Amino acid sequence: MRLLEETRAFLRETGWLSERAPYARERILAATRLVEFDAGETVYLMGDPSDGVYGFARGGLQIQLPGDDGQVVAIHRTEPGFWVGESALFAEGERLISLIAGQSTVGLHIPQVILLELVAATPSLYGDFFALSHRNLETALRLLGNMAVAGADRRLALRLLHYEEINAASGGWIALGQAELAELIAVSLPTLQRAMRRFVAAGAVEQGYGRVRVLDRQRLLAISVD
């Protein structure tokens, strides 16, 4: 019970839910149940039927898509405060992405039946979930635009700046190892390592074990196009 309340308290103050009106926020939170996933565990897969909406307070999740060659491609790593699942639910369609826990992850789940009953009783909540869809679409378009940028340095800089903006971790650390970050921006590990060394030498970023943080946004952008 304590972990459930702690998770609700975090999501009450972070991300999409924190931007909702108090009445809507509390109605939504009251419908949630606690969920926990181990590293590597599947939340859901592309093609699965909807089972409701999820919000995450601890850990991180990989968003994956199948490539044209049949291989699974990781396109995004989420941060605490992320909510997902509303699109397939309200469209009565299948999941369009796969969601895999990248580390031990704690969140909230609103089962589909409960959520449908909730919005039927309070139709104004539809607007709140449309706002969530808009937010997630905005993120998807930004990631798509960043991936279209030429040059590994520039692409890495833009991805780090994006994660810095949405990062809720203490001290601004982004919990991403180099191998995963290289996969997310579609470059080889040696290419990413060379770019990261340049960023560190310029004082734009700082690295730790399995994590990185931005120290100077303007310098990071400048060094990425030098």
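A short tour of the structure in this document, coming up. Please read all numbers here as calculations on a predicted model, not as lab measurements.

## Looking at the sheet that holds strand β3 (residues 52–58)
Strand order in this open sheet of four strands is β1-β8-β3-β6, and the pairing throughout is antiparallel. The outermost strands of the open sheet, each flanked by one partner alone, are β1 (33–37) and β6 (83–84). Sheet topology places β3 next to strand β8 (residues 105–111); six bridges connect them, and they run antiparallel. Within the sheet, the bridge partner assigned to Gly 55 lies in β8 and is Leu 108.

## Description of the sheet that holds strand β4 (residues 61–66)
Here four strands make up an open sheet; going across it, the order is β2-β7-β4-β5 and the pairing antiparallel. Every other strand in the sheet has two partners, leaving β2 (42–44) and β5 (72–77) as the edge strands with one partner each. Neighbouring strand axes in the sheet, compared pairwise and without regard to direction, differ in orientation by 35 degrees on average. As judged from the five bridges shared by β4 and β5, these two strands associate in the antiparallel manner. Pairing of Gln 62 across the sheet is with Arg 77, part of β5.

## Details of the nonpolar core
Grouped burial of nonpolar side chains is what soluble globular proteins tend to show. Leu 156, Leu 160, Leu 192, Phe 199, Val 205 and Leu 220 are the most contacted members of the largest nonpolar core, which has 23 residues in total. If one sorts the elements of this core by residue count, helix α6 (residues 152–166) sits on top with five residues. For Leu 156, the contacting residues outside a window of four places in its chain are Leu 181, Ile 185, Leu 192, Ala 195, Met 196 and Phe 199. Among the nonpolar cores identified, the runner-up in size contains 20 residues, and Trp 16, Leu 17, Leu 29 and Val 53 belong to it.

## Describing helix α2 (residues 22–30)
When α2 is considered as a whole, its buried residues turn out to be Ala 24, Arg 25, Ile 28 and Leu 29. Considered in projection along α2, the buried side chains sweep an arc of 125 degrees and stay on one side of the axis. Away from the buried face of α2 by more than 90 degrees, exposed residues Pro 22, Tyr 23 and Ala 30 are located. Buried residues in α2 make contact with α1 (2–13), β8, α4 (112–121) and α5 (125–147).

Basis of the calculations
- Residues numbered from 1 in each chain as written.
- Predicted model: local features only at pLDDT ≥ 70, side-chain atom pairs only at ≥ 80, totals over all residues.
- Heavy atoms only, no water.
- Pairing = 2+ DSSP bridges.
- Helix = DSSP H or I, 4+ residues; strand = E, 2+ residues; numbered from the N terminus.
- Axes fitted to C-alpha atoms, helices over the stretch in contact; angles between N-to-C directions.
- Core = buried A, V, L, I, M, F, W, Y, C linked by side-chain atoms within 4.5 Å.
- Buried < 20%, exposed > 50% of the residue type's maximum accessible area, 1.4 Å probe, protein only.
- Contact = heavy atoms within 4.5 Å.
- Arc of directions from axis to C-beta.

Any functional reading would require information that these geometric values do not contain.
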